[in-house]
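Topology and contacts: notes
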Amino acid sequence: MNRTPVKEQGRGKERRRSTAKKLKPGTATGNVFGSTNSSQPQFHPCLLLDMCHYFKQPLCPCLSSEQESSEDGDKEGEGEDEEVEEEEEEVEKEVRPETLTPEELEKLKEAVDDKKKLIQALRGKPWPMKKKHSTLRESQEFLEKYEGALGKGKGRKLYAYKVMMNKKWMKFKRDFENFTTACIPWEMKIKEIESHFGSSVASYFIFLRWMYGINMILFDNIGTVPRAEETNAMDFAVLWDFGGYAQYSVLFYGYYNSQRAIGWLKFRMPLSYFLVGVGTVAYSYMVVIRKMARNANETGGGDENSFNFSWKTFTSWDYLIGNPETADNKFASITTSFKEAILEEQESRKDDNIHLTRFLRVLANFLVLCCLAGSGYLIYFVVRRSQKFALEGFENHTWWERNEVNMVMSLLGMFCPMLFDVISALENYHPRVALQWQLGRIFALFLGNLYTFIIALMDEINLKRKEEDVVQFNMTMWEASLHNNTADNSTAPPLFTHPADVPRGPCWETMVGQEFVRLIISDTMTTYITLLIGDFLRAVLVRFLNYCWCWDLEAGFPSYSEFDVSGNVLGLIFNQGMIWMGAFYAPCLPALNVLRLHVSMYLQCWAVMCCNVPQERVFKASGSNNFYMAMLLVILFLSTLPAIYTIVTIPPSFDCGPFSGKARMFDVIQETLESDFPAWISKVFSYAANPGLVLPFMLLMVLAIYYLQSTSKSYKEANVELKKKLQMVN
Amino acid sequence: MGATASHLGKDLLSEYQVSNVQEPAHKRFTELLSREDKNLPDPRAPTEAILTLPELKSNPFRERIVRVFSTSESRDGLTFEDFLDLLSAFSDSATLEIKSHYAFRIFDFDDDGTLDENDLEKLVNCLTGETDETRLTPDEMKQLISNILEESDIDKDGTVNLSEFQHVISRSPDFVSSFKIVL
């Protein structure tokens, strides 16, 4: 679009410096920036201030956009243009800040600010590209012209420089954002899955990718602790048991020695280990809570069921679907969900035979409790048995007996949910409610198993500690005998004992770490094997046996399997819980998890595309997004509890790890405070830890929570009042 | 596919970030044009060609989408700018306000600025598929529409206007993630 100089054109209008007082009331700022109602926005840049010196020119960008687009609002704008123009009186050649009166200067400043805001808000306006483009250029020219003028001439160069730097910065930010978006891994894979299976299945993979990111960061965190050489490769059996050399490797807790400062770095090993542990936990909490808050913000909080039908109508179609088969499925599921919802609403008005339903539900819950208790006992029993085996020496037993605990836990995790599914048929709930009950029960199952496992581990820890005492006793004897020997030949050189000969005490922390790693590896293996057998083999059988079978395998039983979003998400969350639990004792766990998630991503993407069919009933699993986040938070909390308990109560091994020799692990903090920091800091801390300070602080927080809750209640009531008012107005 | 079209594209990119799919979008767009049209300065792809895009082919609202984004008088066919508008509104970076605005226009079958019972009925019929078996019975339809209006029509005037629509949509957790088209 060309611009020709103003002066020779049209009605001889030149730059005006008139102000907003020339505007008619209808064109006040509220309307000028466009409205969000469905009729075309009435914004016309020239209207804001009659300072546009391309006013009424055929080449004015505002006018040419009017001509090109066929919107009504523009014609209206044009009409208004003329009216305002006729009210014009003053004419000025150029704008100089000195020639403007203070109010006009003020109004000019306002106009400049408004333009700036408009430019920033431009992105969010639902206008066609052309309009946005022309508005943007208009506003930018306006700003260049008048903001510089406001800068009183001297500041002009600085202002121009600022503007240029700003532009460059925006461009850099944009390029960087583009680059990072292009770098997001697995984007194309997830897009393909989205178009075939819809957004709820894809949401599982997006969650997986997010977990991968978190574990990468945890892994980097832990990697800052310096490492020496790597372990040698050993054969698989020994590696599997994580015995032998690997036991003393960098992977486990026992490697890090308790020297206070390493070499010239003065790197404080114990403190750093402790702080890294605390840091990773705090980071995980922060990330999960932040995501929850963001989700809660987006959903507008609360009121989930009050727009049931409207949401089904307006938001149920998934625009990412590009596959006709998926589209047909979606049509069917939408129809079903409409019919169900209508039926449910009619039925909720009448309830029959409520006593039978209640009895059945109580029975079902009782059965589930029995299941949970049974599985808990089974795990306890198996762990005790494996302790017995350990005492007898592992070599005497078969592979199964050695890995009994892990196998049992994985198998329970596989079969109990199916059992719960069968039991829930008694209950006769609405499918969404039934899904929530199911998830809750699986949650309880995993939690129970994990805690039983930990309690059993506690017994082993105590056993190891008793062993420690024995070894310590033996060590003192051995050292005493060494001294006796050297005392005899005082002229001989001091005796050097090879480090490997020194008897090492048992290290219960490493043992705990080993157990966790073993558990996680067996869990992973079980998942992959069930995936291959359950999905892949089944699909192959159905496909090829269909030719020679009596009934249609594909349509009836067993048919292809569906992708179980909720089950998989739960598995992911529990896996993460185990990682968090064990990360303090086996720093290699996040690294292992990163590897595992990487492999999972590819394996599951392939399995989903190859063996699964789109779900027939599409539950808004994504709607319970915060449900999964809440579970993740609970798991995080519950997994850090055991670690905290052990840090606080159990004394560390005397011979291994960064905390050896201390009475309790957190003594390291006290030591650091006393020796390395100036005296006033420790005084401050001792004041802060005073109960007289802590109790009032807690009271204050309780009061704050109560206040916030009552405020939110009053807001809800205000909402209801306003709605009533709207109805009365009409 | 004259120089003007690509120059226009780059111009937009430099001044106003649309999305990061400029080049592939242009390629896909020019594939839809007929040979004579390619040499025009501002070509317009016909509606039938656009409806063959795989991303739109299975969408029950595809015709409405083309109509809404088209800037020609007969609401038929999209220029490249219109096409970019479409992609931008359906992209990840579009705000909830933009998406709900366009969703409202798409659902407004008679283009009168509000969603009345006829619009809602046509909307539900689109959603339940074309065949007769999957459609709702007239009774169910009436019940459904009255439920919708009861939930969303705050001022009880019998229609859903843009602000009411946006109010409902802003509370929905799935809308933004499902109102997406990616090339």
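Residues numbered from 1 in each chain as written. Chains lettered and ligands numbered in written order. Predicted model: local features only at pLDDT ≥ 70, side-chain atom pairs only at ≥ 80, totals over all residues. Heavy atoms only, no water.

Chain B carries the name EF-hand domain-containing protein in an unreviewed UniProt entry, which gives Gadus morhua as its organism.

Going by what an unreviewed UniProt entry lists, chain A is known as Transmembrane channel-like protein and is assigned to Gadus morhua. Its UniProt record gives chain A a comment under Sequence similarities (unreviewed entry), which states: "Belongs to the TMC family." According to its UniProt record, chain A has this under Subcellular location (unreviewed entry): "Membrane". (UniProt positions renumbered as here; feature names shortened; annotations may be inferred.)

What follows deals with the overall build of chain B. Along the backbone of chain B there are eleven helices and two strands. Starting at the N terminus and ending at the C terminus, chain B contains elements arranged as α-α-β-α-α-α-β-α-α-α-α-α-α. For chain B, buried positions account for 57% of its 183 residues. Surface summary for chain B: the accessible area is close to 7,900 Å², and the carbon and sulfur share equals 50%. (Helix = DSSP H or I, 4+ residues; strand = E, 2+ residues; numbered from the N terminus. Buried < 20%, exposed > 50% of the residue type's maximum accessible area, 1.4 Å probe, protein only. Areas by Shrake-Rupley, 256 points an atom, 1.4 Å probe, with all protein chains shown as cover.)

Attention now goes to the pattern of salt bridges. Residues and elements named next belong to chain B. If you walk through the whole model with that rule in mind, you get six salt bridges over all chains. Where Glu55 meets Arg28, a salt bridge forms, and the shortest distance between an N and an O atom there is 3.2 Å. Highlighted residues: Glu55 in helix α4 (residues 54-57) and Arg28 in helix α2 (residues 22-32), separated in sequence by 27 residues. There is no split in this pair, since Glu55 and Arg28 are both buried. Among the ionic contacts, a cluster of salt bridges with common partners joins Arg64, Arg67 and Asp111. (Salt bridge = Lys/Arg side-chain N within 4 Å of Asp/Glu carboxyl O.)

So, on to the UniProt feature "domain: EF-hand" (unreviewed entry) in chain B. Residues given the UniProt feature "domain: EF-hand" (unreviewed entry) here are residues 95-130 and 140-175 of chain B. Taken as a whole, residues 95-130 of chain B contains 64% helix and 0% strand, while its terminal C-alpha atoms sit 32 Å from one another.

Below, the discussion takes up helix α5 (residues 62-69) of chain B. Turning to α5 of chain B, its buried residues number three or more, namely Arg64, Ile65, Val66, Val68 and Phe69 of chain B. Structurally, α5 of chain B contributes buried residues whose contacts are with α3 (47-50), α4, β2 (78-79), α6 (80-89) and α7 (96-107) of chain B. (Contact = heavy atoms within 4.5 Å.)

Bringing the packing of aromatic side chains into the picture now. The full count for this structure, using the stated rule, is 22 aromatic pairs over all chains. Residues Tyr319 of chain A and Phe90 of chain B carry aromatic rings whose centres are separated by 5.7 Å and whose planes lie at 35 degrees to one another, so their mutual orientation is tilted. Of this pair, Tyr319 of chain A sits in the loop between α13 (308-315) and α14 (324-347) while Phe90 of chain B sits in the loop between α6 and α7, on two different chains. Like Tyr319 of chain A, the residue Phe90 of chain B is buried in the burial classification. Taken together through their ring pairs, the aromatic side chains of Phe314 and Tyr319 of chain A together with Phe61, Phe69, Phe90, Tyr102, Phe104, Phe107, Phe165, Phe175 and Phe179 of chain B make up a single cluster. (Phe/Tyr/Trp six-rings, centres within 6.5 Å; stacked < 30°, edge-to-face > 60°.)

Residues and elements named next belong to chain A. Listed under "transmembrane region" (unreviewed entry) in the UniProt record, and renumbered for this structure, are residues 197-218, 270-289, 362-383, 404-426, 438-458, 627-648 and 684-708. A helix fraction of 100% and a strand fraction of 0% characterise residues 362-383, whose end C-alpha atoms lie 32 Å from each other. Span residues 684-708 is 92% helix and 0% strand, its end C-alpha atoms 31 Å apart.

Here the focus is the nonpolar core. As a rule of thumb, nonpolar side chains are buried together in soluble globular proteins. Core analysis: the largest hydrophobic core is formed by 79 residues, its most contacted members being Phe205, Phe207, Phe453, Ile573 and Leu632 of chain A. With residues up to four places along the chain from it excluded, the contact list for Phe205 of chain A reads Ile190, Ile193, Phe563, Met601, Gln604, Cys605 and Val608 of chain A. Listed in part, the 65 residues of the second largest apolar core include Met129, Phe307 and Trp317 of chain A together with Phe83 of chain B. (Core = buried A, V, L, I, M, F, W, Y, C linked by side-chain atoms within 4.5 Å.)

Let us now look at a nonpolar patch on the surface. Residues and elements named next belong to chain A. A contiguous nonpolar surface patch, about 700 Å² in accessible area, is contributed by Leu693, Val694, Leu695, Phe697, Met698, Leu700 and Met701. Within the secondary structure, Leu693 sits in helix α25 (residues 691-729). Taking relative accessible area as the criterion, Leu693 reaches 51% and is therefore assigned exposed. (Patch = residues over 30% accessible without salt bridge, like charges linked within 9 Å, V, L, I, M, F, W, Y side chains within 5 Å.)

Moving on: the interface of chain A and chain B. Each partner contributes residues to the interface: chain A has 62 residues there, and chain B has 71 residues. Where chain A abuts chain B, roughly 6,200 Å² becomes buried across the two surfaces, and 59% of that area is made up of carbon and sulfur atoms. The largest per-residue losses of area from chain A upon contact with chain B belong to Met129, Phe314 and Tyr319 of chain A, which jointly make up 15% of the total buried on that side. Counting the contacts that link chain A with chain B gives zero salt bridges. Across the chain A-chain B interface, the total number found is six residue pairs in polar contact (both at pLDDT 80 or more). Those elements giving two or more residues to the side of chain A that touches chain B turn out to be α6 (129-150), α7 (155-183), α8 (187-197), α12 (269-299), α13, α14 and α25 of chain A. With ten residues, α14 of chain A is the largest single contributor of residues to the side of chain A that touches chain B. A class-by-class count of the residues in the side of chain A that touches chain B yields 21 nonpolar, 25 polar and 16 charged. (Buried area = accessible area lost by both parts, 1.4 Å probe. Polar contact = N/O pair within 3.5 Å; in protein donor to acceptor, adjacent residues only side chain to side chain. Nonpolar A, V, L, I, M, F, W, Y, C, P; charged D, E, K, R; others polar.)

Turning next to the environment of Lys180 of chain B. Looking at the element boundaries, Lys180 of chain B is found in the segment after α11 (175-178). Distance in space between the C-alpha atoms of Lys180 of chain B and Phe90 of chain B is 4.7 Å, their sequence separation being 90 residues. Other than its neighbours up to four places away in sequence, Lys180 of chain B contacts Glu194, Tyr319 and Leu320 of chain A together with Phe90, Ser91, Asp92 and Lys99 of chain B. Within the local environment of Lys180 of chain B, its side chain forms a polar contact with the side chain of Asp92 of chain B, the two groups lying 3.4 Å apart.

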